[in-house]
Amino acid sequence: MNRPRHLPPSPRQHFSASTPAIRSRYLASVDLQRGGQLDEAEVGYRWVLARVPAHFDAMHLLGVVRAQREDYEEALQWLVNAVRIHDQSAAAFHNLANAQHALKRFDEALASADRALELNPEHVRAWRSRGHVLRDMRRTEEALASYDRALAIEPGYVDALIDRADQLRQMKRDDEAVTAYRQARDAGADPQAMAYALASLGAEAPPPAAPSAYVAGLFDQYARSFDTHLVDTLKYQTPALLMALVAPLLPSRPLDVLDMGCGTGLCGPLLKPHAHTLTGIDLSPKMLDQARQRDLYDALVCDELVHWLDTQPARFDLAVAADVFVYIGDLDAVFRAVRAALLPGGLFAFSCEASDEDDVLLRATLRYAHSASYLRRLAGAHGFEVEAMQQGVIRQDEG
């Protein structure tokens, strides 16, 4: 799930018909971009291009800014024009490959990455980006070879070490994946995220939940394509199945509703007709940005679920969690916090992946599964009555 980052190259470059003022403004914009001040950098690059329309460097880095803003269509336009002006820049072809990849133009992205590597065979990040494209084309052995090539150039490249481990896990080469995750951890990768991955392969004890930073980062990267991938590719059914089960149990009056782990708000259209107020909470700011665009929620909160629920006593009539508990193993604290946040007679509706073995199981997919008997015991321990429980196919994954 790691997306290649679009970063400005060092401000060497060739300046097309630059005056000292244009050069100064360009270099100042590079500094602004490196400092994360994208608005100001974009204004500067556009100022330069208004005066020197064929200024390769400003055109290239304006494309990078638009990619950093996830406006890949405009980024693509600037980057294509940039490489037409100067077809010997490995950095520009690398950034073009990343924009094409983000737009799922995989053949074009692979060609651009290959051109970057033809110009600079030691371009370690282009090898990594090439691996990402090949991974998404399901050319798994070639993807792994690209990550290996990146690591041959820069053995301590942490992101590529993680990519290599992820690729081995997806290829079900579990023993090699375990070794690779440990190598990534030793090189400085997030130890909690690596422990979680290792636990999914049975190499370490599972943590009570996925690390919050891992979940937030995963869904920040996934936010723009989340709805399309989940609904169109994975045939996601959870919101509809869950609401079909819940709707007959709801009172006719408007309710104060909590959408737990609301993501982009896929449950929102189904919850809104029943809501006096509709509140969503999620760990991912970018997912919440997508939910906000639906204009369905009265409030959207970015926080850890149990921590926030503990500040909301007796507030909600209905709490819904669709596909949230796949990232939480031990649900005891969640049940306790939801029970306290519900009004008398309130309803708690949620989905889980089903485990037919252990009460809680962390699978190699990096998702938790829970047994029905575990859920029933938790419900009883926290003062809930089980009104309904139903099995169904909530989505497809790898067939």
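Below or above, wherever it landed, is the structure these notes cover.

**What about the packing of aromatic side chains?**
Thought 1: Counted under the stated rule, the structure contains twelve aromatic pairs.
Thought 2: Between the aromatic rings of Trp 308 and Phe 316, the centroid separation amounts to 6.2 Å while the plane-to-plane angle is 40 degrees, which identifies the pairing as tilted. Like Trp 308, the residue Phe 316 is buried in the burial classification.
Thought 3: Measuring from ring centre to ring centre gives 5.4 Å for Phe 325 and Phe 350, while their planes differ by 50 degrees; the resulting arrangement is tilted. Here Phe 325 is found in the loop between β4 (316-321) and α18 (332-341), whereas its partner Phe 350 is found in strand β5 (residues 342-350), with 25 residues between them in sequence.
Thought 4: A relative accessible area of 0% places Phe 325 in the buried class.
Thought 5: For Phe 350, a relative accessible area of 23% corresponds to the partly exposed category.
Thought 6: Pairwise contacts between aromatic rings join Phe 325, Phe 335, Phe 348, Phe 350 and Phe 384 into one cluster.
Thought 7: Taking NZ or CZ as reference, Arg 339 lies 5.9 Å from the ring centre of Phe 384, over its face.

**Concerning helix α11 (residues 191-200)**
Given 3.6 residues to a turn, an α-helix orients residues that are three or four positions apart in the same direction.
Thought 1: When you tally the buried positions in α11, you get seven out of ten residues, the bulk of the element.
Thought 2: Ala 193, Met 194, Tyr 196, Ala 197, Leu 198, Ala 199 and Ser 200 are the residues of α11 that are buried.
Thought 3: At its buried positions, α11 is contacted by α9 (158-170), α10 (174-186), α12 (212-222), β7 (360-362) and β8 (368-370).
Thought 4: If you check the start of α11, you find a side-chain oxygen 3.0 Å away from the backbone N of Gln 192, and it comes from Asp 190.

**Some thoughts on the side chain of Ser 284**
Thought 1: Looking at the secondary structure, you find Ser 284 in the loop between β2 (275-282) and α16 (285-292).
Thought 2: Once residues lying within four places of it in the same chain are set aside, the contact partners of Ser 284 are Ala 216, Phe 219, Asp 220 and Cys 302.

**Some thoughts on the pairing of β4**
Thought 1: Extensive coverage of β4 is indicated by the burial of six of its six residues.
Thought 2: Pairing geometry for strand β1 (residues 255-260) and β4, over four bridges, is parallel. What sits directly across from Leu 258, in β4, is Ala 319.
Thought 3: Strand direction decides the pairing type here: β4 and β5, joined by five bridges, are parallel.

**With respect to the environment of Leu 278**
Thought 1: Note that Leu 278 resides in strand β2.
Thought 2: Residue class for Leu 278 comes out buried when judged on its relative accessible area of 0%.
Thought 3: The residues contacting Leu 278, other than those within four sequence positions of it, are Val 257, Asp 259, Gly 268, Leu 271, Lys 272, Leu 296, Tyr 297, Asp 298 and Ala 299.

**Brief notes about the sheet that holds β5**
Thought 1: The sheet built from five strands is open, its strands ordered β3-β2-β1-β4-β5 with parallel pairing. Where the open sheet ends on each side, the last strands, each with one partner, are β3 (299-302) and β5. Here the average twist between neighbouring strands, direction ignored, is 20 degrees.
Thought 2: When β1 meets β2, the two strands line up parallel, connected through six bridges. Looking at β2, one finds that Asp 256 is bridged to Thr 277.

**Let's talk about the pattern of salt bridges**
Thought 1: Within this structure, the stated rule accounts for 27 salt bridges.
Thought 2: Close ionic contact of Glu 142 with Arg 139 constitutes a salt bridge, the shortest N to O distance being 2.8 Å.
Thought 3: Relative accessible area serves as the criterion here: at 34%, Glu 142 is assigned to the partly exposed category.
Thought 4: Arg 139 sits in the partly exposed class, given a relative accessible area of 31%.

**Observations regarding the packing of helix α3 (residues 56-68) against helix α4 (residues 72-85)**
Thought 1: Orientation of α3 relative to α4, taken along the N-to-C sense of each, is 160 degrees, at an axis distance of 8 Å. Taken together, α3 and α4 sit at an angle that is classed as roughly antiparallel. The hand of the α3/α4 crossing is left-handed. Residue-level inspection shows Phe 56, Met 59, His 60, Leu 62, Gly 63, Val 64, Arg 66 and Ala 67 of α3 in contact with α4, the latter providing Tyr 72, Glu 74, Ala 75, Trp 78, Leu 79, Asn 81, Ala 82 and Ile 85.

**What about the environment of Asp 330?**
Thought 1: If you trace the backbone, Asp 330 turns up in the loop between β4 and α18.
Thought 2: A relative accessible area of 43% means that Asp 330 is categorised as partly exposed.
Thought 3: Remark: the alpha-carbon pair of Asp 330 and Leu 361, spanning 31 residues in sequence, is separated by 9.9 Å.
Thought 4: Look past the residues within four positions of Asp 330 in its chain and what remains in contact with it is Pro 208 and Tyr 374.
Thought 5: A polar side-chain atom of Asp 330 sits 3.1 Å from the main-chain amide nitrogen of Asp 332.

**As for the nonpolar core**
Thought 1: With 66 residues, the main nonpolar core has Tyr 26, Tyr 45, Tyr 181, Met 194, Tyr 196, Phe 219 and Tyr 327 as its most contacted residues.
Thought 2: Ranked by residue count, the leading element in this core is α3, at eight residues.
Thought 3: By size, the runner-up hydrophobic cluster in this structure holds 28 residues, among which are Val 306, Ala 337, Val 338 and Ala 379.

Scoring rules and cut-offs
- Residues numbered from 1 in each chain as written.
- Predicted model: local features only at pLDDT ≥ 70, side-chain atom pairs only at ≥ 80, totals over all residues.
- Heavy atoms only, no water.
- Phe/Tyr/Trp six-rings, centres within 6.5 Å; stacked < 30°, edge-to-face > 60°.
- Buried < 20%, exposed > 50% of the residue type's maximum accessible area, 1.4 Å probe, protein only.
- Helix = DSSP H or I, 4+ residues; strand = E, 2+ residues; numbered from the N terminus.
- Lys NZ or Arg CZ within 6 Å of the ring centre and 35° of its normal.
- Contact = heavy atoms within 4.5 Å.
- Polar contact = N/O pair within 3.5 Å; in protein donor to acceptor, adjacent residues only side chain to side chain.
- Pairing = 2+ DSSP bridges.
- Axes fitted to C-alpha atoms, helices over the stretch in contact; angles between N-to-C directions.
- Salt bridge = Lys/Arg side-chain N within 4 Å of Asp/Glu carboxyl O.
- Parallel < 35°, antiparallel > 145°, perpendicular 65-115°, else oblique.
- Left-handed = near helix turned anticlockwise from the far one by under 90°.
- Core = buried A, V, L, I, M, F, W, Y, C linked by side-chain atoms within 4.5 Å.

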